[in-house]
Amino acid sequence: MQTLRTLWARLKGQAAQRQEDEALDEEIREHISLLEARYISQGMNARDASRAARRQFGNVTTLKEKQRALRGILSPSEWWHDVRFGARMLAKRPLSNAAVVVALALGIGMNAAVFTFVNALLLRPPQGVSETSKLIEVWLHNPKSGGVQSYFPFTFPDYVYYRDHTKSLEGLMAFDGDGTQAIWNRQGNGEILRGQLVSGNMFSLLGVNAAVGRTLVQDDDRLDNARQVIVLSYPFWKQKLNGDPNVAGKTIVLNGSAFTIAGVAPSGFTGLLVATSPDFWAPLTVQDRFSHDTSRMKEHNYWLIVAGKMRSAADRQAVQAEMHLLSRQAYFTHQSKNDPHSSTPVRHEELLDAMVYPLTLVPGPFRIYVGAFTGGLLAVFALVLLIACTNAASLLLARASGRAREMATRSALGAGRARLIRQMLVESLMLAGVSGASGIAIAGATSRLLIQLKPASIPLTLAIPMDWRVVLFTAAVSMATGIVFGLAPALRASAVKTAQVLKEESQTAGRKKARMRNVLVVAQMAACVVLLAGAALCVRSLMNANAIDAGFDTHHIALATLDAGSLGYPPEKVNDFYSRLLQRVQHLPGVTSASYAQFLPLGTSRISTSVGKQLIKESDGMPVDIFRVGPGLLHTMGMPLLRGRELTEKEANSEKPDAVIINQTLAEKLWPGEDAVGKRLALGDEKTMSEVVGIVKDGKYHTLGEGPISVVFLGKLPARRTLVVRTQGDSRALLDEVKHEIPVVDPLMAATDVQTIEEYMALPLFPARTVGWLLGASGLMAVVMTAIGLFGVIAYMVSQRTHEIGVRMALGAKRSDVLKLVIGQGILLTIIGLAIGLAAAFGSARLLSPLLYGIGANDPIIMSAVAVGLATIALLACYLPARKAMQVDPSIALRYE
Amino acid sequence: MADQKSEVLQGTLDLMVLKTLFAMGPLHGFGIARRIEQVSDGVLDLNEGTVYTALLRLQQQGWIKSEWGTSENNRRARFYSVTRQGTKQLDREAENWERVAGVIEKVLRLERQG
């Protein structure tokens, strides 16, 4: 502690050197003049008094020097000297330094790029919001279960209860976690807008003031008197309404209802949820204009993300305690009010605890998963950086032995060991500094590239700014890098035995030095094996994933999502719209078939129920996924029908599920060894049995890597559905035509997610693609760096042993002997590195297994391919310097030195 | 006269300065030097400049603090005073010194045996 305090005092002293110098001067002057005055009063003359005073005080210059050394870490002039000298030394070898800088910059840059995502997702507070440190979010948690599934957003009644009863919070706000879509009637044409439903107190609690007009207020959000008002986002107002300054008070038609524009939010504000940027905000109480879900304001519908503002940033413990209490009170209050004959199924009869998290853009319960993913990526790139570091270290080590004489001379001239270490560290820190600066630039470019990996179908807009946190992180990483790769060479270089080095003429590289470099090469090789094995596995798995049979065609299909119900049409009008649209689309040139589905497999939506052979209670059946489809959908999607037929128009429109199609897995489960067509089954809580009319081939429904899942296809499509169009030609060319047809049928309608099936598949392939790309890139970088590292070490060894090789050849060694000598050493290092690396790879590859498709984590072919590939590269890296060694001319080598 | 003066032992000056400040209250460097001179009865051969090095060391450890004030000459001077931490440290150091001094004294008293 005391040491830390002294160090801090010294650091401060370093900063205030000049000021302190002046203060000391003043003190010394005063002291001496007081001494003089005393001598004069004792009867001395002025000259003698001055001399006596100075003698008594001692040597002023020495004192000042000593004070200065004591005060700071070192004097500014020494710093400056080190930096200038370092720059001169670095400029002497521009090529090899450039190589080191490029490798380090790549390593640092990739780490910084991943960090920009960590920053954007986990560290950056919501923008445009004041007092973020006081904000918290609250999640309901089921203590009896685990994982993401154990966390719930709030129901509306729960939110109201907590809001009205909390005392520790200044206020509690809520917003719609899923966001909402609305069709904007723009002069007779429909346009899709994204909105967010928020509680009326949100803007005032966040301290967000309107740029134009006013924000939403509590009075807008009353259950008994809901106002149809919205606040527009700044970009929407600027781009779509041309920044109309008189926009407040005007009317805008959303989903067929008129909304009054209250005002415009300030430019930076995008809400409290990551990667969403709503076009408008509307009060919670008008949610029925945007959603067909009639149970949203009731219990058991968990859809609200709840955030609160504390009175002081230190209150979190107290708030958590109160939330805990409120969760019990709310439970018992609702319990007593609960109507025992309620028809809504009770999802949770258990008590849900309320958990408090500091508010960031990623909701609390999910933070750990985002953190684990980005942390894993950081670990991978840290390994790449480590390889780059070992490269730099072995280069500097080689150089350090070349500079042994310089070090010895400087040491003989009185430089202490600490001084020499510092000089070497300044040089490596300068290298690291340059690398860090280039790394930032690389990070800027790659993070934009990384965001391209995001499937286009997810309407997320993630801002990834290079703010001070990223710069700080990069600076810290660069600094650490500089010390990591610079320390060993610095210690080595400074440990000079002056007399020995200066006396000895020959340049035999010390055994110790060689051992150190060898260890580095082995470590590098091992790290490279791990990375490369990971990369190869992921790339192979990506290839497999692309080749996985999803159970439907992944080409020649165009998709568009529509919601005719959002315009408030009655069911007949909805059906009429869809059948007219289907007719038009079917007649487009090149279209072979078209149909509707509620949603497609492998998407984000999922509905499950239970199935049995008799009409029984839900809990007794086996779980199945259900997909609601129109007639001809299976054919349009290219899902092979194994037996039976598709649904007819009448069956698909029927209210009751008279006819269903099931997949192979379900058929096998219910009627093993029998023909399922014609058999009858009972679905969920349906009152009547359904007849199986067809059996479809198994596909993938949740993820590409899943095992067999039981699925039922049935009719009765809801108002929100996906149009599926199959074409002979290019599906991309079809998109515009499909988009064009929609307003022809109804000018107010607009489609979302108009995309090709290839674009749609980007979502299920996303994990494999991201990891495949990133690990592939890191593996490639690792191989290049390792090859350069090995080459450097062997080349250096050859140059150091030129003399020895010359002697050997003069004594009759053949060229092949020399080759064996040089390559032998490289091979030995390679084999040791490979062995360690393979062991580590077998251990760590298991972490990847959940992401791998159709390949074992310890796939022997991949592992041996990695080993052989690396060995070949290593051999090449050794061969080039070995060839140079063979060409050594003994007479020249012996005369050398 | 020279052989009657003693050098200041390494490390003891800090303790002397600390104790002086503790006993006398806030003083400037000149005042500290005078007080030590007075107490030592001119036995110590003190390079008065080294007082400032001791002051800086003590300050860096947080045992004393300084403030600008006015000297007898009516000019600006830095006045040093002991902090609470310094007072505690003084007890420890004094105790330590007495222990060491005691040992040295015992060693010096050893009679030649045999």
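Residues numbered from 1 in each chain as written. Chains lettered and ligands numbered in written order. Predicted model: local features only at pLDDT ≥ 70, side-chain atom pairs only at ≥ 80, totals over all residues. Heavy atoms only, no water.

### Overview of the sheet that holds strand E13 (residues 557–563) of chain A
Two orientations exist for strands paired in a sheet by backbone hydrogen bonds: parallel and antiparallel. Residue and element names in this part refer to chain A. Put simply, the rule is: Strands were regarded as paired on the criterion that DSSP finds at least two bridges between them. Secondary structure counts use DSSP, requiring at least four H or I residues in a row for a helix and at least two E residues in a row for a strand, with both numbered from the N terminus. Lines fitted to C-alpha atoms define the axes here, with helix axes fitted over just the stretch in contact, and angles between the N-to-C directions of these axes take values from 0 to 180 degrees. In this analysis, two residues are considered to be in contact whenever any of their non-hydrogen atoms come within 4.5 Å of each other.
Ordered by their spatial adjacency, four strands build an open sheet running E14-E22-E13-E23, and the pairing between neighbours is antiparallel. Edge positions in the sheet fall to strand E14 (591–597) and strand E23 (752–756), since each of these pairs with one other strand and no more. Ignoring strand direction, the axes of neighbouring strands in this sheet form an average angle of 15 degrees. Bridge count for E14 against strand E22 (residues 720–727) is six bridges, and the pairing is antiparallel. The partner of tyrosine 596 across the bridge, within E22, is leucine 723. Against the sheet, helix H22 (residues 757–800) touches E13 and E23, its axis set at about 105 degrees to E23.

### Examining the interface of chain A and chain B
By a widespread convention, an interface's size corresponds to the accessible area lost as its parts come together. Going by this rule: Computed with a 1.4 Å rolling probe, the buried area is the accessible surface lost when two parts are put together, summed over both parts. Throughout this description, the term salt bridge denotes a Lys or Arg side-chain nitrogen within 4 Å of a carboxyl oxygen of Asp or Glu. Here a polar contact means two N or O atoms within 3.5 Å. Within protein one must be a hydrogen donor candidate and the other an acceptor candidate, and residues neighboring in sequence count only if both atoms are side-chain atoms. The classification used treats Ala, Val, Leu, Ile, Met, Phe, Trp, Tyr, Cys and Pro as nonpolar, Asp, Glu, Lys and Arg as charged, and all other residues, Gly among them, as polar.
Counting residues at the interface gives 25 residues for chain A and 28 residues for chain B. Here chain A meets chain B over a buried area of about 2300 Å², counting both sides, of which 50% is carbon and sulfur. Summed over the three residues of chain A that lose the most area to chain B, namely Glu27, His31 and Leu34 of chain A, the buried surface amounts to 24% of that side. Counting across the interface, chain A meets chain B through four salt bridges. Notably, a salt bridge pairs glutamate 27 of chain A with arginine 78 of chain B, separated by 3.5 Å at the nearest N-O pair. Run the count over chain A and chain B and you get 13 residue pairs in polar contact (both at pLDDT 80 or more). Looking at the side of chain A that touches chain B, the elements that each hand over two or more residues are helix H1 (2–15), helix H2 (17–41), helix H3 (46–57) and helix H4 (60–71) of chain A. Among the elements that line the side of chain A that touches chain B, the one with the most residues is H2 of chain A, at eleven residues. For the side of chain A that touches chain B, the residue count by class is eight nonpolar, seven polar and ten charged.

### Some details on the nonpolar core
All names here are of chain A. Test applied: For the purposes of this section, nonpolar cores are sets of buried Ala, Val, Leu, Ile, Met, Phe, Trp, Tyr and Cys residues that join through side-chain atoms within 4.5 Å. Per-residue accessibility, obtained with a 1.4 Å probe over protein chains only, is compared with the maximum for each type, and a residue is labelled buried under 20%, exposed over 50%, and partly exposed between these values.
Judged by nonpolar contacts, the single largest core of 67 residues is most densely connected at Leu104, Phe485 and Leu870. Every element with two or more residues in this core is listed here: helix H6 (94–123), helix H11 (364–402), helix H13 (417–451), helix H14 (468–494), helix H16 (511–547), H22, helix H24 (815–844) and helix H25 (860–886). Residues in contact with leucine 104, not counting those within four places in the same chain, are Gly109, Leu385, Ala388, Cys389, Ala392, Ser435, Thr481 and Phe485. The next biggest cluster of nonpolar side chains, apart from the first, holds 45 residues, and it includes Val138, Phe152, Ala182 and Leu232.

### A closer look at a positive patch on the surface
We apply this condition: Put simply, a patch holds well-exposed residues, over 30% relative accessible area, that have no salt bridge, with like charges counted together within 9 Å and Val, Leu, Ile, Met, Phe, Trp or Tyr side chains within 5 Å. Methods summary: accessible areas were calculated by the Shrake-Rupley approach with a probe of 1.4 Å, and residue burial reflects only the protein chains presented. Under the convention used here, Asp and Glu are negative, Lys and Arg are positive, and both His and the chain ends fall outside the count. For this purpose, a charge sits on NZ of Lys, CZ of Arg, CG of Asp or CD of Glu.
Positive charge collects at one region of the surface, where Arg84, Arg88, Lys92 and Arg93 of chain A lie side by side. Relative to the helices and strands, arginine 88 of chain A resides in helix H5 (residues 76–92).

### Describing the confidence of the model for chain B
Just so we agree on the cut-off: Note: pLDDT gives the predictor's confidence per residue, expressed from 0 to 100.
Across chain B, pLDDT averages 83, with 89% of residues at or above 70. Among the scores for the predicted complex, ipTM is 0.87 and pTM is 0.70.

### Things to note about the pattern of salt bridges
Side-chain pairs of opposite charge can arise where the charged atoms are in close proximity. Residue and element names in this part refer to chain A. This model, assessed by the stated rule, comprises 31 salt bridges over all chains. Between arginine 645 and glutamate 651 there is a salt bridge, and its shortest N-O distance comes to 2.9 Å. We classify arginine 645 as partly exposed; its relative accessible area is 36%. Here glutamate 651 falls in the buried class, since its relative accessible area comes to 17%.

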